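Tertiary structure, described
What follows is the residue order along each chain.
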Amino acid sequence: QVQLVESGGGLVQAGGSLRLSCRASGRTFSIYGMAWFRQAPGKEREFVAAISWIGGNTNYADSVKGRFTISRDYAKNTMYLEMNSLKPEDTAVYYCAASTGTVVGGVTAREYDYWGQGTQVTVSS
């Protein structure tokens, strides 16, 4: 089992920045990849960014490319999402996810085995 705990959400004005963290515990040696997803009210959960746990390769949704940066600190078992130039449409609950499969960088929720509880990000206009 892998446990994931997010932190860092909050309320920010448009154009501002936030950094989300996701700390993994438990069988972290089984993690191949991690990702951030988000879900706005009334919408489906959508992919934001992913990172391979060992190599650090990344991929992003087009909607956040150039504004968000995903990273991880392997020694701390922690993944981050640096969010800059935030827009009201970025408002959502942000979830971190971990995959124990051999495919990394997946963009669909079903490719991930473990999920955090979510952290609210609200961007005011």
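Now for a look at the structure at hand. As the structure is a prediction and not an experimental result, all values here were calculated from the model.

1. A few points about the sheet that holds strand β7 (residues 68-73)
The strands that make up a sheet pair up through hydrogen bonds in the backbone, lying either parallel or antiparallel. Pairing is antiparallel across the open sheet formed by 4 strands, whose spatial order is β1-β3-β8-β7. Looking along the sheet, the strands with just one partner apiece sit at the ends: β1 (2-7) and β7. Neighbouring strand axes in the sheet, compared pairwise and without regard to direction, differ in orientation by 15° on average. Bridge count between β7 and strand β8 (residues 78-83): 6 bridges; the pairing is antiparallel.

2. Quick look at unusual backbone geometry
Unlike most non-glycine residues, N77 shows phi in positive territory, near 55°. Position of N77 among the secondary structure elements: in the loop between β7 and β8. Even without a glycine there, the phi angle at S85 is positive, about 50°. Mapped onto the elements, S85 comes out in the loop between β8 and β9 (92-99). For S85, a relative accessible area of 41% corresponds to the partly exposed category.

3. Digging into the environment of Q13
Its place among the elements puts Q13 in strand β2 (residues 10-13). For Q13, a relative accessible area of 60% translates into the label exposed. Between the alpha carbons of Q13 and S85 there is a distance of 9.5 Å; along the sequence they are 72 residues apart. The residues contacting Q13, other than those within four sequence positions of it, are V123 and S124.

4. Structural notes on the packing of aromatic side chains
Under the counting rule described, the total for this entry stands at 5 aromatic pairs. Between F37 and Y112 the ring centres are 5.5 Å apart and the planes differ by 75°, which places this aromatic pair in the edge-to-face class. Of this pair, F37 sits in strand β4 (residues 33-39) while Y112 sits in the loop between β9 and β10 (114-115), placing them 75 residues apart in sequence. Just as F37 is buried, Y112 falls in that class too.

5. Quick look at the environment of G56
With respect to the helices and strands, G56 occurs in the loop between β5 (46-52) and β6 (58-60). Each C-alpha atom, one on G56 and one on S71, is 7.3 Å from the other, the two residues being 15 residues apart in sequence. Leave out the neighbours within four places in its chain, and G56 touches I51 and R72.

Cut-offs applied
- Residues numbered from 1 in each chain as written.
- Predicted model: local features only at pLDDT ≥ 70, side-chain atom pairs only at ≥ 80, totals over all residues.
- Heavy atoms only, no water.
- Pairing = 2+ DSSP bridges.
- Helix = DSSP H or I, 4+ residues; strand = E, 2+ residues; numbered from the N terminus.
- Axes fitted to C-alpha atoms, helices over the stretch in contact; angles between N-to-C directions.
- Buried < 20%, exposed > 50% of the residue type's maximum accessible area, 1.4 Å probe, protein only.
- Contact = heavy atoms within 4.5 Å.
- Phe/Tyr/Trp six-rings, centres within 6.5 Å; stacked < 30°, edge-to-face > 60°.

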